[in-house]
Amino acid sequence: MTLAAQDLGFGYPGHSVGTNVSVTVVPGQALALLGPNGGGKTTLLKTMLGLLRPHAGVVSLDGQPMANMPVGERARRIGYVPQAHAGAFAFAVRDVVLMGRTAHQGLFASPTPADRTIVEARLAELGIAHLAGKPYTMISGGERQLVLIARALAQEPRYVVLDEPTASLDFGNQGKVMRQIRSLTAKGLGVLFTTHDPNQAMGYADRVALLGGGRLLANGVPADVLNVAALSALYGSTVRAVCQHELTVFLPD
Amino acid sequence: MTGRFGAIGGITIGLGLLLPGVAVAFSVGRFPISVSELGLALWSTLIGQPSGLPPAVDAVIFNIRGPRVLAAILCGAALAVAGAAFQGLFRNPLVSPDILGASSGAALGAMTGIFFSLGVLAIQALAFGGGLVAVALVYLIGSSIRSGDIALVLVLTGVVIGSLLGAGVGLLKYLADPYNQLPAMTFWLLGSLAGTDRNDLLPLFGPIAVGTVVLLALRWRMNVMSLPEEEARALGVATGPLRLAIVAAATLVTSASVAAAGIIGWVGLIVPHMARFLVGPEFGRLVPTAALLGGGYLLLIDTLARSAAQVEIPLGILTAVIGTPVFIWLLVSARKSWS
């Protein structure tokens, strides 16, 4: 039971971004993909979601190759949390989360009362039940990110994949969102998230994969993988580490 | 805003505007029909008894004004529903139902028919077919270009093909007989329901009903399709086939309307905004509300068109004169209703 990339070559049609990457997402654990912007994190993420075709190697989902899996089947197993965006239309937050139920419905169906119950439960779980009736376009960036996480959970997936979940959030919201993501693993979900902040990988991930220039530079538990030498090489710039009370914080020099 | 009213509220408001509109439309004209006469005539037909009304009244209701009123409602509803569908599909509240070239294709078809002095039915058939062929062409070209956002590529292809077809229309107008053909062409291009009779209703109703039923059936998937492509796929929607189905349904509806009434701008652009303002963007609520508002709106415009002046005013001119200020008002004050 894993979401795994094996010897993966990935990129866009006619344009290769990365080669030879193997990573595994295990239920109950969080894997951080850490690397500089342009290092291939998002492209790898989209390939593991089945949104881009692998150039080489395979992505397998619970032992089956994902390439042949129907799109609905995939959506019932993997929830995707994109970077929060404003959206073109002012759907109610409740309706946005209900869209997470789509893969469980027939082509011509609308949400059932059971779907609505699931949605209200997810909203409550993430502490955003009070937003249910508000327009998605009128809430804050941090709230939007939580709504998108609720939508992914409404898919009732086994894995949740998040693209830079805190990229556009202020300091307080970053912590709030990351704690929620961390709590997903306690529910037995496999979590994969990208970040360019080594401290997030250190603080919230069980394993971390360093991705630079489209290649996997290291892959292991944060305490082993994250050090000044590795991070300086990854970002091509000196990184300092500050240690206090058994807590290591990395700072750009 | 996610809308002030629910589905029932939207339908109630839509009917509340449409039904008085029907009464007004029948009572305005050279031969006014009162609501009681209309009611009596309809009821008698329903129960199969003679109404006792003068034959002229029956003729006006069933052969002249009635078909025109129904055609105005159908065309307005069609344009509004197609506009709502395309705006959702292209995630852009500024697109019209003819964004993929339906109107330009229909125009070229109709101009060809007028140029060769074909009959009314042939001109309508050419317009309908022209719209479908143009959109199919845009779709084929657009979806074979594998770069960037498919929605954007389709819209750009639609603009390009549309302007090519527009050049064809220009050429036919240039070559046309300036005394017989050119006025007919100009009149068609500005939109009119003046020649509508009973026989026009079935070819109008059939495609509009089929397309609208398909869009209504896909209402929940339509909501998901208004998300960015990759998100929709990650939520389990097979976006390729679904996009094709939505484009086909919306084009069917648009082409039927254009074939019957010529090119009527603005309705498909503005009415979905009004509907979204009332009931929010959720497609299951949006479609019925937009259909009723669009029907009522075009009926009002058509009533004005045949009664405001000594001659018939082309519909496209009235919708533009009314649509422009309404749209600017939407841009200025009601931005939140769609952004």
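Note: the structure precedes this text.
Parameters at a glance
- Residues numbered from 1 in each chain as written.
- Chains lettered and ligands numbered in written order.
- Predicted model: local features only at pLDDT ≥ 70, side-chain atom pairs only at ≥ 80, totals over all residues.
- Heavy atoms only, no water.
- Helix = DSSP H or I, 4+ residues; strand = E, 2+ residues; numbered from the N terminus.
- Rg over C-alpha atoms; globule rule 2.2 N^0.38 Å.
- Buried < 20%, exposed > 50% of the residue type's maximum accessible area, 1.4 Å probe, protein only.
- Contact = heavy atoms within 4.5 Å.
- Areas by Shrake-Rupley, 256 points an atom, 1.4 Å probe, with all protein chains shown as cover.
- 1 Å grid on protein atoms, 1.4 Å probe; cavity = no way out; pocket = protein on both sides within 12 Å on 5 of 7 lines; lining within 4 Å.
- Points joined across faces, edges and corners; volume = space filled by probe spheres on them.
- Nonpolar A, V, L, I, M, F, W, Y, C, P; charged D, E, K, R; others polar.
- Expected span 1.5 Å × (residues − 1).
- Phe/Tyr/Trp six-rings, centres within 6.5 Å; stacked < 30°, edge-to-face > 60°.
- Lys NZ or Arg CZ within 6 Å of the ring centre and 35° of its normal.
- Pairing = 2+ DSSP bridges.
- Axes fitted to C-alpha atoms, helices over the stretch in contact; angles between N-to-C directions.
- Core = buried A, V, L, I, M, F, W, Y, C linked by side-chain atoms within 4.5 Å.
- Salt bridge = Lys/Arg side-chain N within 4 Å of Asp/Glu carboxyl O.

*Asks:* Describe the overall build of chain B, listing the residues and the values that go with them.
*Replies:* Secondary structure assignment for chain B yields 14 helices and zero strands. In terms of overall size, chain B behaves like a compact globule, its C-alpha atoms giving a radius of gyration of 20 Å where 339 residues would be expected to give roughly 20 Å. Along the first, second and third principal axes, the C-alpha atoms of chain B reach 65 × 50 × 40 Å. Relative to its 339 residues, chain B shows a buried fraction of 53%. Intrachain contacts of chain B at a sequence separation of at least 6 include 75% that bridge at least 24 residues. Carbon and sulfur atoms make up 73% of the accessible area of chain B, which totals about 14000 Å².

*Asks:* Quick one: what's the story with empty space enclosed by the protein, residue by residue and with numbers?
*Replies:* In the structure shown here, the tally under the stated rule is four cavities of 30 Å³ or more. The volume enclosed by the largest cavity comes to roughly 70 Å³. Together, Phe 89 and Phe 91 of chain A together with Ala 84, Gly 88, Met 222, Asn 223, Ser 226, Arg 276, Pro 281, Phe 283 and Leu 286 of chain B line the largest cavity. Considered class by class, the residues forming the lining of the largest cavity number seven nonpolar, three polar and one charged.

*Asks:* Describe helix H11 (residues 239-261) of chain B, with residues and values.
*Replies:* Residues and elements named next belong to chain B. Over its 23 residues, H11 runs 32 Å from end to end, which matches the ideal 33 Å to within 8%, given 1.5 Å per residue. Of all 23 residues in H11, 17 are buried; the element is thus mostly enclosed. In the stretch just after H11, Gly 262 is the one whose phi turns positive, near 80°.

*Asks:* Before we move on, could you go through the packing of aromatic side chains and cite the residues and values that matter?
*Replies:* Under the defined criterion, the tally for this structure stands at three aromatic pairs over all chains. Taking the centre distance of 5.9 Å and the plane angle of 10° together, the rings of Phe 86 of chain B and Phe 90 of chain B count as stacked. A single burial state applies to Phe 86 of chain B and to Phe 90 of chain B, both of which are buried. When the ring centre of Tyr 136 of chain A is taken as reference, the NZ or CZ atom of Arg 144 of chain A above it lies at 5.7 Å.

*Asks:* Lay out the sheet that holds strand S2 (residues 15-25) of chain A with the relevant residues and their values.
*Replies:* Residues and elements named next belong to chain A. Taken in spatial order, the four strands make up an open sheet running S2-S1-S4-S5, and their pairing is antiparallel. Each edge of the open sheet carries a strand with a single partner, namely S2 and strand S5 (64-65). With respect to the sheet, helix H1 (residues 41-48) is in contact with strand S1 (3-12), S2 and strand S4 (56-61), its orientation differing from that of S1 by roughly 120°.

*Asks:* Give me the nonpolar core: which residues, what numbers.
*Replies:* Residues Ile 149 and Phe 193 of chain A together with Phe 90, Leu 100 and Ile 246 of chain B are the most contacted members of the largest nonpolar core, which totals 132 residues. Looking at this core element by element, the count peaks at 19 residues for helix H3 (residues 55-89) of chain B. Setting aside chain neighbours within four positions, we find Ile 149 of chain A in contact with Val 81, Leu 126, Leu 162, Val 177 and Ile 181 of chain A. Counting 26 residues, the second-largest nonpolar core is a separate cluster that includes Leu 31, Leu 45, Ile 78 and Leu 211 of chain A.

*Asks:* Go over the layout of surface pockets with me, naming the residues and quoting the values.
*Replies:* As a volume, the largest pocket reaches approximately 1200 Å³. Around the largest pocket, the lining is made up of 37 residues, and of these Leu 51 and Leu 52 of chain A together with Arg 146, Glu 229 and Arg 233 of chain B lie nearest the centre. Considering every element that reaches the lining of the largest pocket, the biggest residue donor is H11 of chain B, with four residues. Residue classes in the lining of the largest pocket are distributed as 18 nonpolar, 10 polar and nine charged. Approximately 480 Å³ is the volume attributed to the second largest pocket. For the second largest pocket, the lining is made up of 22 residues, of which Val 120, Gln 124, Trp 188, Gly 195 and Ala 260 of chain B are closest to its centre. Here the lining of the second largest pocket gets four residues from one element, more than from any other, and that element is helix H5 (residues 120-144) of chain B. When its residues are assigned to classes, the lining of the second largest pocket shows 14 nonpolar, six polar and two charged.

*Asks:* Residue-level account of the pattern of salt bridges, with values.
*Replies:* Applying the stated rule across the entire model yields 18 salt bridges over all chains. Lys 46 of chain A is paired through a salt bridge with Glu 230 of chain B; the nearest N and O atoms lie 2.9 Å apart. One end of the pair, Lys 46 of chain A, is in helix H1; the other, Glu 230 of chain B, is in helix H10 (residues 229-234), on a second chain. On the basis of relative accessibility, which here comes to 14%, the residue Lys 46 of chain A falls in the buried class. A salt bridge links Glu 156 of chain A to Arg 101 of chain A, with the shortest nitrogen-to-oxygen separation between them at 3.2 Å. Highlighted residues: Glu 156 of chain A in the loop between helix H5 (141-154) and strand S7 (159-162) and Arg 101 of chain A in the loop between helix H3 (93-98) and helix H4 (113-125), separated in sequence by 55 residues. Classification of Glu 156 of chain A by relative accessible area gives partly exposed; the value is 38%.

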